[in-house]
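Next come the chains, spelled out residue by residue.
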Amino acid sequence: VYNVNLVLKGFCQSGDCDKAMGLFCQMKRNCVLPDSISYNTIVNGLCKAKRSVEARDLFEAMKAGDCKPNLVTFSALIDGLCKNGEVEEGLDLLEEMEKKGLEANVFVYSALISAFCNKGEIERGKQLFDEMLGKNVTPNVVTYSCLMHALCKTGKWQEASQMLNDMTTSRVHPDVVAYTVLADGLCKNGRASDAVKVLDLMVQKGEEPNTLTYNAVINGLCKEGRVDDALKILEMMAKKGKKPDVVTYNTLLKGLSGVGKIEEAMELWELLLSKEFHIKPDVFTLNFLIQGLCKERRLGDAVRIYSTMVQRGFQVNIVTYNILIDGYLNAGKITKALELWKYAVDLGFSPNSVTCTILIDGLCRMQMLRMAKGLFNKKRASGVRPTVIEYNALMASLCRESSLEQARNLFQEMRNVNHDPD
RNA sequence: UCAAGAUUCCAU
């Protein structure tokens with residue numbers, strides 16, 4: 001069973017759940033009875049493959065059979081449901097396990113806290129945190145990291161910094177992930193200098209920053225236009241033997257183009273393209289580059305690079321098209337923009353809400369309000385609720401054209417469909 | 001041998 005379980009895990013991790021399921025069924029036939037670890041591995045694998053319905057079915061089958069769900073089963077399934085957006089169902093499972101006399105552990109609570117924090121409901125995350133304290137479940141470094149992440153995302157970086165101290169006094173030692181969460185969180189709040197201090201602090205405490213940590217700080221510095229400081233971090237990495245990865249280079253490329261050093265960004269791009277270099281550019285690299293070019297009004301160069309790459313079989317995504325469509329619209333080339341949009345759709349790329357906003361906003365600014373309205377109505381008619389941003393874009397244009405009455409109607413409509421105007 | 005946390009892309 002031990003060895004078969006390892007194989008099950010292997011299949012699941014390589015994304016081949018079906019193979020794992022097949023093997024699992026064979027086990028039953030061949031008198032290698034699956035144990036709870038086999039079941040849990042499959043439940044977890046299904047969850048990770050976003051097949052939470054099947055995971056739940058298997059879970060029900062366990063309840064009916066001899067191998068009852070245990071703590072690991074519950075935590076895997078709760079996490080899976082949460083990541084699938086079914087957080088309330090996750091809470092129901094928490095209740096169910098408690099009724100069965102299974103005490104939730106730190107895995108279960110951390111999964112739920114992480115879910116609420118990601119939804120932006122920190123208060124409920126904190127509630128669960130208090131609940132676990134009340135039940136004498138000791139929070140660990142993962143629990144604290146989730147909370148720090150959430151605090152930073154909502155601007156409460158002071159509280160997050162405080163939490164790093166709190167965990168230390170609770171004898172929970174921050175690890176490299178915890179420090180990275182904080183450093184990144186500080187950066188996202190425009191406090192790159194403080195993030196650099198976190199780097200120093202962790203080294204002092206004997207935790208080595210890894211590539212992700214450095215990338216977060218490099219990003220923070222670049223966002224503040226401090227590309228030279230970011231390059232110093234790159235040197236620091238080299239000294240310590242930490243390898244930059246494609247994210248590192250992407251971040252720097254974007255940083256360079258952000259401070260107008262588009263030529264240097266191009267050089268970096270060429271470096272990544274060269275055969276001898278060990279890191280290959282990805283779609284982020286391309287997108288950053290063409291966006292930088294568009295910003296510099298070098299739309300032609302952007303399109304040329306995009307075309308060359310596509311010809312070479314490079315995989316682009318909808319964001320690539322969004323950037324180029326936006327570029328065309330900003331250059332007043334409406335026909336080209338619409339052509340490209342159609343082309344992307346024909347290739348099978350699904351326009352996302354950003355695509356729509358770009359088009360609506362762009363058309364509005366081109367005095368083509370009527371076309372924008374058409375797009376908006378088409379979307380509404382097909383049953384898709386326009387986003388707040390799209391309402392805003394259209395309302396802004398209507399106001400600009402002094403069609404106040406129509407703008408007011410839209411505003412009213414937003415409230416009717418339960419959109420909170422921002 | 002099974003479960004929870006971190007870094008880079010587009011628009012208002």
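### Brief notes about the pattern of salt bridges
Between side chains of opposite charge, pairing is possible as soon as their charged atoms come close. According to the stated counting rule, one finds 26 salt bridges in the structure shown. Across the pair E208 and K240 runs a salt bridge whose closest N-O atoms are separated by 3.8 Å. On the criterion of sequence distance, the pair formed by E208 in the loop between α12 (192-204) and α13 (211-223) and K240 in helix α14 (residues 227-240) is long-range, its members being 32 residues apart. The class for E208 is partly exposed, based on a relative accessible area of 40%. Where E224 meets R226, a salt bridge forms, and the shortest distance between an N and an O atom there is 3.6 Å. Classification of E224 by relative accessible area gives partly exposed; the value is 34%. Sharing partners across several salt bridges, the network here consists of E60, K63, E96 and K100.

### Here's the deal with the packing of α13 against α14
Orientation of α13 relative to α14, taken along the N-to-C sense of each, is 165°, at an axis distance of 7 Å. Classified by the angle between their axes, α13 and α14 sit roughly antiparallel to one another. Classified by chirality, the crossing of α14 by α13 is right-handed. Residues T211, Y214, V217, I218, L221 and C222 of α13 form the contact with α14, whose own contacting residues are V227, D229, A230, I233, L234, M236, M237 and K240. For the contact of α13 with α14, the per-class residue count stands at 11 nonpolar, one polar and two charged.

### Brief notes about the packing of helix α10 (residues 157-169) against helix α11 (residues 176-188)
At their nearest, the axes of α10 and α11 sit 10 Å apart, and the two run at 160° to each other. By the angle between their axes, α10 is roughly antiparallel relative to α11. You can see that α10 and α11 cross each other, and the crossing is left-handed. The segment α10 lies against α11, with W157, A160, S161 and L164 engaging Y179, L182 and L186. Grouping the constituent residues of the contact of α10 with α11 by class yields six nonpolar, one polar and no charged.

### Regarding the packing of aromatic side chains
All told, the structure shown has seven aromatic pairs when counted by the stated rule. For the pair Y249 and F277, a centre-to-centre distance of 5.7 Å together with 75° between the ring planes defines the contact as edge-to-face. Taken as a pair, Y249 in helix α15 (residues 246-258) and F277 in the loop between α16 (262-273) and α17 (283-295) lie far apart in primary sequence, 28 residues in all. On the basis of relative accessible area, F277 is assigned to the buried category, the value being 15%. Ring pairs connect the aromatic residues Y306, Y321 and F349, which therefore count as one cluster.

### Some remarks on helix α22 (residues 369-381)
In this model α22 runs 18 Å from its N-terminal to its C-terminal C-alpha over 13 residues, within 8% of the 18 Å that 1.5 Å per residue would give. Among the residues of α22, L369, A372, L375, F376 and K379 are the ones counted as buried. Buried residues of α22, seen end-on, are gathered within an arc of 125° and therefore sit on one face of the element. Among the exposed residues of α22, those oriented more than 90 degrees off its buried face are R370, K378 and A381.

### A closer look at the protein's contact with RNA strand B
Looking at RNA strand B, there are 57 residues lining it, with N40, S75, N287, F288 and N322 nearest. Sugar and phosphate atoms constitute 46% of the interface atoms of RNA strand B, taking the interface as everything within 4 Å of the protein. The separation between a base nitrogen of RNA strand B and a polar side-chain atom of S145 is 2.7 Å. One nitrogen or oxygen atom from the side chain of Q291 is found 3.3 Å from a sugar or linking oxygen belonging to RNA strand B. Classifying every residue of the surface near RNA strand B gives 23 nonpolar, 23 polar and 11 charged.

### Some details on the side chain of D194
For D194, the position within the fold is in helix α12. You can call D194 buried: its relative accessible area is 18%. Within the structure, the side chain of D194 is placed 2.6 Å from the side chain of R191, a separation counted as a polar contact. Apart from the residues lying within four places of it in its own chain, the contact partners of D194 are W157 and L186.

### Some points on the side chain of S257
When you line up the elements, S257 lands in helix α15. The exposure class assigned to S257 is buried, which follows from its relative accessible area of 5%. In this view, S257 contacts I262, A265, F288, G292 and K295; residues no more than four positions away in its chain are not counted.

### Quick look at a negative patch on the surface
On the surface, D228, E264, E267 and E270 cluster together to form a negatively charged patch. The dominant element in the negative patch, judged by the number of residues it contributes, is α16, at three residues. With respect to the helices and strands, D228 occurs in helix α14.

### Considerations on the environment of C117
Among the structural elements, C117 can be located in helix α7 (residues 106-118). Sequence spacing of C117 and K153 is 36 residues, and the spatial spacing of their C-alpha atoms is 9.0 Å.

### Focus: the environment of R226
Structurally, R226 is set in the loop between α13 and α14. With 111 residues separating them in the primary sequence, R226 and A337 have C-alpha atoms 34 Å apart. The contacts of R226, once residues within four sequence positions are left out, are A192, S193 and L221.

Reading guide: rules and limits
- Residues numbered from 1 in each chain as written.
- Chains lettered and ligands numbered in written order.
- Predicted model: local features only at pLDDT ≥ 70, side-chain atom pairs only at ≥ 80, totals over all residues.
- Heavy atoms only, no water.
- Salt bridge = Lys/Arg side-chain N within 4 Å of Asp/Glu carboxyl O.
- Helix = DSSP H or I, 4+ residues; strand = E, 2+ residues; numbered from the N terminus.
- Buried < 20%, exposed > 50% of the residue type's maximum accessible area, 1.4 Å probe, protein only.
- Axes fitted to C-alpha atoms, helices over the stretch in contact; angles between N-to-C directions.
- Parallel < 35°, antiparallel > 145°, perpendicular 65-115°, else oblique.
- Left-handed = near helix turned anticlockwise from the far one by under 90°.
- Contact = heavy atoms within 4.5 Å.
- Nonpolar A, V, L, I, M, F, W, Y, C, P; charged D, E, K, R; others polar.
- Phe/Tyr/Trp six-rings, centres within 6.5 Å; stacked < 30°, edge-to-face > 60°.
- Expected span 1.5 Å × (residues − 1).
- Arc of directions from axis to C-beta.
- Near = heavy atom within 4 Å.
- Polar contact = N/O pair within 3.5 Å; in protein donor to acceptor, adjacent residues only side chain to side chain.
- Patch = residues over 30% accessible without salt bridge, like charges linked within 9 Å, V, L, I, M, F, W, Y side chains within 5 Å.
- Areas by Shrake-Rupley, 256 points an atom, 1.4 Å probe, with all protein chains shown as cover.
- Lys, Arg positive; Asp, Glu negative; His and termini not counted.
- Charge placed at Lys NZ, Arg CZ, Asp CG, Glu CD.

No statement about biological role is implied by the geometric values presented.
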